[in-house]
Amino acid sequence: MVDVTEKEMDNPTFRSDTVLSDVHLHCPNKRHLMVRLNAVGQPVFLSYFKFLWNTENLASEKHVEEVTTGREHQYGSGDELCDMDRSNLKKERELNSEGVEALLDDDGDLEVVRRPRSASGLEAEDLLRDIACPVILMKGREDAFEDEEQECTCSDVIKIEHTMATPLEDVGKQVWRAAFLLADYILLKQDTFRSCSVLELGAGTGITSIIMGTVAKRVYCTDVGEDLLAMCEQNVALNKHLMEPGGGEVKVKELDWLKDEFCTDPEVPYSWSEEEIADLHDHCSVIMAADVFYDDDLTDALFRTLHRITHNLRNSCTVYLALEKRQLNFTLRHMDVTCEAYSHFRNNLNDLENLQDRKIKYTVEPIKADFCQFLVYERIEQL
């Protein structure tokens, strides 16, 4: 993982001491409005993430009947694509059927068109390729999203404030793919989560809690760090209109996995009241977490927190964990390509399933990531 910083607006340079989510690199022409600097001086951006179906039906009884894995059928049966989505699919089909063949030479080798160093300005302009970096817009451009506003209504997008690149300890301020994957699953299984009380661990920007808030009764959206939680709370406010039709409520709270108790100090922002803790223990039936398994110590802490919380729940609970396998490396120890962080996660999961506990029993069931896609992001095989 690398960080893209701006030396010039269209010439990215790379540093290895910070981390960049490639969610934004997947859509190089996407506009991201820089709205402010946060408390630690990091630029905060506002991005619009488009739904692939009309979200006016998010809180309705609409049911998706068909799930396919074909690239052109990643949408629910009966869901009409907007003109833009249909156009994009058409272009993709044309590229798959004709574009590749056009780039092959007589021997079948791939020809890559490169920009000649000596090309004139006019010739060079014809040969320019899209640069894989987001279009950054500074605060003050009130018309920054004018085109997007005309193309989609408020119910067609989810608006998220986030940072673009951070140190490893601040990765929760970015948007990650597994959060979209879990959000897709929530949208697919709306009836499963309807009117539930839900806890999200390591919510980050809050995008998954917001989607869950469109169908669930109450969501406790938790993470650690006042600056991150303030950003998360802002995102909940930005998308309140998505949750209002279903009457869902999202509460942003601090939950530190390295501590054994909930923070109940009323002087501390985002602390818990005794009533909220009791409500969680009495009614929570769903716990979820997305893209939080990248550090072994934090993974251990999360599983300890998971065990402690589920131990105190009055009712049975289902835990949904979504992640992306990262840091795939060939190691001499394994003589194979491995993902150490994922392996450590799996070991913890096995330990939890094999735990001998008289009060509670854990069972583990994998879910294939071949269900419908409702948000625009790259669904890669490592999810």
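Since we're looking at a predicted model, the values are computed, not measured. Numbering of residues begins from 1 in every chain and follows the order in which that chain's sequence is written. Per-residue local features are limited, in this predicted model, to residues with pLDDT of at least 70; the limit for side-chain atom pairs, both in listing and counting, is 80 or more; totals at the level of whole chains, interfaces and linings are taken over all residues. As a rule here, side-chain values cover all heavy atoms of the structure and leave hydrogens and water aside.

**Focus on the state of the cysteines**
Spelled out, the test is: When two cysteine sulfur atoms lie within 2.5 Å, the pair is treated as a disulfide. For every residue, the accessible area (1.4 Å probe, protein chains only) is compared with the maximum for its type, and the residue is labelled buried under 20%, exposed over 50%, or partly exposed between those bounds.
Inspection of every chain in the model, using the stated rule, returns 0 disulfides. Here C232 is not cross-linked by a disulfide; its sulfur's nearest cysteine counterpart is in C221, at 3.2 Å. On the accessibility criterion, C232 (1% relative accessible area) is buried.

**Topic: the nonpolar core**
Heads up, the condition is: Here, the term nonpolar core denotes a set of buried Ala, Val, Leu, Ile, Met, Phe, Trp, Tyr and Cys residues that are joined through side-chain atoms within 4.5 Å. Where helices and strands are cited, they refer to DSSP runs of H or I of at least four residues and of E of at least two residues respectively, numbered from the N terminus. In what follows, a contact means two residues having at least one pair of non-hydrogen atoms within 4.5 Å.
The biggest cluster of nonpolar side chains holds 49 residues, and the ones touching the most others in it are F51, I158, F180, I186, F193, V198 and M212. Examining the composition of this core, we find that 10 residues originate from one element, helix α4 (residues 177-188), more than from any other. Excluding anything up to four places from it in sequence, V198 contacts M212, A216, R218, V219, Y220, C284, V286 and M288. Core analysis: the next-biggest nonpolar cluster, separate from the first, contains 25 residues, I277, A301, L302 and L313 among them.

**Considering unusual backbone geometry**
A positive phi angle, close to 65 degrees, is found at Y270, a residue other than glycine. Phi at D291 is positive, roughly 55 degrees, even though this residue is not glycine. With respect to the helices and strands, D291 occurs in the loop between β12 (284-290) and α10 (296-311).

**Focus: the sheet that holds strand β11 (residues 249-254)**
The criterion, for reference: Strand pairing is defined by DSSP finding a minimum of two bridges between the two strands. Structural elements are reduced to axes, namely lines fitted to C-alpha atoms, with helices fitted over the stretch in contact, and the angle between N-to-C directions of any two is expressed from 0 to 180 degrees.
Reading across from one edge, β11-β10-β9-β12-β13 is the order of the 5 strands in this open sheet, with parallel pairing throughout. Strand pairing shows two members of the sheet lacking a second neighbour, β11 and β13 (318-322), which therefore form its edges. Going across the sheet, the axis of each strand differs from the next one's by a mean of 20 degrees, ignoring polarity. Across 6 bridges, the pairing between strand β10 (residues 218-223) and β11 is parallel. Bridge pairing in β11 places Y220 opposite K251. Taken strand by strand, helix α9 (residues 274-283) contacts β9 (197-200), β10, β11 and β12, and its axis lies near 100 degrees from that of β12.

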